[in-house]
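Residue-level listing of the chains:
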Amino acid sequence: MNLLLDAPLDMHLHLREQEMLHLVAPFSAVQFAGGVVMPNLIEPVDTLARLRAYRAAIHHACGAETFTPYMTLFFREYSREELIAAKDEIIGLKLYPAGITTQSEAGVRDFDRIGATVALLEELDIPLLVHGETSGFVMDREREFLPVYQWLAETFPRLRMVMEHITTAAAVEFLEKFDNVAATVTLHHLMITLGDVAGGLLRPDLFCKPIAKTPRDREALRRAVFGGHSRLLFGSDSAPHPRHKKECCGCAAGVFSAPVALPMLVQLFEEAECLERLPAFISGNAQRFYRIAPPAKTVELRREAWLVPDLYGSVRPFLAGQELRWSLSDEQGKG
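Quantities reported herein were computed from a predicted structural model and do not represent experimental measurements.

J.: Which residues make up the overall build of the chain, and what are the values?
T.: Scanning the chain from N- to C-terminus turns up eleven helices and eleven strands. Principal axes of the C-alpha set define a box for the chain whose edges measure 50 × 40 × 40 Å. Within the chain, the proportion of its 335 residues that are buried is 58%. Partitioning the contacts of the chain with sequence separation of at least 6, the portion at a separation of at least 24 is 72%. Accessible area of the chain: about 13,400 Å², with a carbon and sulfur share of 52%. Distance between charge centres in the chain, computed from 35 positive and 43 negative side chains, equals 1 Å.

What follows is the structure in structure tokens.
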């Protein structure tokens, strides 16, 4: 049995830079027509010059694959002139609270000062993508951030805003309040809970931010995604780190899911008996909310088992050593 998917999209993706970029970008490029690329590099992508240089590096790393990197700028105080100049080259601004995740030290420290820039985003119709966590107790961080989302959605009702990589039942409930708000959901948060990360021996390759939550939260995500919620978008949050960054004190946060993203999503939707809803989750909802037209690309998967390698270069993938029932027809997708 074969399955054809038209223009699949990954709406939250970390491609890193230099050697890591060249290692990981092909896995996304072979499976997806495009991806929203995060700007939290060692030097944040917060100027048009840096954005253009990074986009060129991504194109080079993806080779001949049809893949559009939808670029984001790291949130800071921008002038109207800067945003007008960047508008046609970006899909949005990505807001990080300062220090909340990998390479976010230059993020927002005072939310009382962001209003002027957000007002410009609303006026110019540039989406705002938000990593929505406080610095509180780790299991409460997303819930504690909901008042900030509420303030943004109410104060700027024409702003298109995306709650990135939501993991909680409360975030799913919040999504129902505002039509101008969408959210991305990762593959790993549809599958794991905190028990998988730390319930036995600590598993650093499942440690991510936001951290996986409770079985109740996971079930809320699965109900909403498999139920076909029209403002839920697939965003892998695939975030590679080399072994020395994972197997150490101060383990880096991130799950490298790019090599298994589409095959495992097909398997999950098939198991939930809602395979017909997969195209909207991985493409249609994003096209509608972001008002984008991705390049023509059809990705073919076949029902053929394969074993996920333990390593790709220096990076361990999500589901390493496990057998998946679906595979990409293109052998490159399996490494």
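J.: With reference to specific residues and values, describe the confidence of the model for the chain.
T.: Caution is warranted with low-pLDDT regions, since their predicted coordinates should not be read in detail. Taken as a whole, the chain shows an average pLDDT of 96; of its residues, 98% reach a score of 70 or greater. pLDDT under 50 marks residues 331-335. Its contacts with residues more than four places away, or in other chains, come to 17 contacts.

J.: Describe the pattern of salt bridges, with residues and values.
T.: Scanning the entire structure with this criterion turns up 24 salt bridges. With its nearest N and O atoms 3.1 Å apart, the salt bridge here joins Glu271 to Arg325. Separated by 54 residues along the polypeptide, Glu271 in helix α10 (residues 261-271) and Arg325 in strand β11 (residues 323-328) bring together distant segments of the chain. According to the relative accessible area criterion, Glu271 is partly exposed, its value standing at 44%. When its relative accessible area of 34% is taken as the criterion, Arg325 is described as partly exposed. Between Arg302 and Glu304 there is a salt bridge, with the nearest N and O atoms lying 3.0 Å from each other. Residues joined by salt bridges that share partners form a network here, namely Glu43, Asp46, Arg50, Arg76 and Glu82.

J.: Describe the environment of Val37, listing the residues and the values that go with them.
T.: Considering the arrangement of structural elements, one finds Val37 in strand β3 (residues 34-37). Residues Val37 and Tyr54 lie 17 residues apart in sequence; the distance between their C-alpha atoms is 9.8 Å. Apart from residues no more than four positions distant in its own chain, Val37 is found in contact with Leu13, Leu15, Tyr54, Ile58, Pro69, Tyr70, Met71 and Thr72.

J.: So what's going on with the sheet that holds strand β10 (residues 298-307)? Residues and values would help.
T.: Taken together, three strands build an open sheet; the order of strands is β1-β10-β11 and the sheet is antiparallel. The sheet is open, and its two edges are formed by β1 (2-6) and β11, each paired on a single side. With strand direction ignored, the average angle separating the axes of adjacent strands in the sheet is 35°. Two elements, β10 and β11, share five bridges in a ladder whose sense is antiparallel. Among the inter-strand pairings, Arg303 is bridged to a residue of β11, identified as Trp326. Lying on the sheet, α10 is in contact with β1, β10 and β11; it crosses β11 at an angle near 115°.

J.: Give a description of helix α11 (residues 278-290) that names residues and reports values.
T.: Across its 13 residues, α11 extends 18 Å between first and last C-alpha, which sits within 8% of the 18 Å expected from 1.5 Å per residue. Considering bend angle alone, the principal kink of α11 is centred on Gly284 and spans about 40°. Along α11, the positions that sit buried rather than exposed are Leu278, Phe281, Ile282, Ser283, Asn285, Ala286, Phe289 and Tyr290. Positive phi appears at Arg291, one or two residues downstream of α11, with a value of about 60°.

J.: Can you lay out the nonpolar core for me, pointing to particular residues and giving the numbers?
T.: Leu93 and Leu128 are the most contacted members of the largest nonpolar core, which totals 97 residues. Filtering out sequence-adjacent residues up to four positions away, Leu93 remains in contact with Leu73, Phe75, Tyr78, Leu83, Thr117, Leu121, Ile126, Pro127, Leu128 and Leu129. Membership of the second largest hydrophobic core comes to 18 residues, among which are Met11, Val36, Ile91 and Tyr290.

J.: Provide a residue-level description of the sheet that holds strand β9 (residues 232-234), including the pertinent values.
T.: Taken in spatial order, the eight strands of this open sheet run β2-β3-β4-β5-β6-β7-β8-β9, and their pairing is parallel. A single partner strand is all that each edge strand has here, and the edge strands are β2 (9-13) and β9. Strand-to-strand, the axes of this sheet are offset by a mean angle of 25°, without reference to chain direction. Here strand β6 (residues 128-130) runs beside strand β7 (residues 161-163); their pairing, made up of three bridges, is parallel.

J.: Can you lay out helix α1 (residues 18-31) for me, pointing to particular residues and giving the numbers?
T.: At Ala25, α1 shows its maximal bend, which comes to roughly 30°, and the proline Pro26 appears one to four places after that position. Burial of α1 is extensive: ten of the 14 residues sit out of reach of the surface. Looking at α1, one finds that the buried residues are Met20, Leu21, Val24, Ala25, Pro26, Phe27, Ser28, Ala29, Val30 and Gln31. Among the structural elements, β2, α2 (48-62), α10, β10 and β11 are those in contact with the buried residues of α1.

Scoring rules and cut-offs
Residues numbered from 1 in each chain as written. Predicted model: local features only at pLDDT ≥ 70, side-chain atom pairs only at ≥ 80, totals over all residues. Heavy atoms only, no water. Helix = DSSP H or I, 4+ residues; strand = E, 2+ residues; numbered from the N terminus. Buried < 20%, exposed > 50% of the residue type's maximum accessible area, 1.4 Å probe, protein only. Contact = heavy atoms within 4.5 Å. Areas by Shrake-Rupley, 256 points an atom, 1.4 Å probe, with all protein chains shown as cover. Lys, Arg positive; Asp, Glu negative; His and termini not counted. Charge placed at Lys NZ, Arg CZ, Asp CG, Glu CD. pLDDT = per-residue confidence, 0-100. Salt bridge = Lys/Arg side-chain N within 4 Å of Asp/Glu carboxyl O. Pairing = 2+ DSSP bridges. Axes fitted to C-alpha atoms, helices over the stretch in contact; angles between N-to-C directions. Expected span 1.5 Å × (residues − 1). Bend = angle between axes of the 7 residues up to and from the residue. Core = buried A, V, L, I, M, F, W, Y, C linked by side-chain atoms within 4.5 Å.

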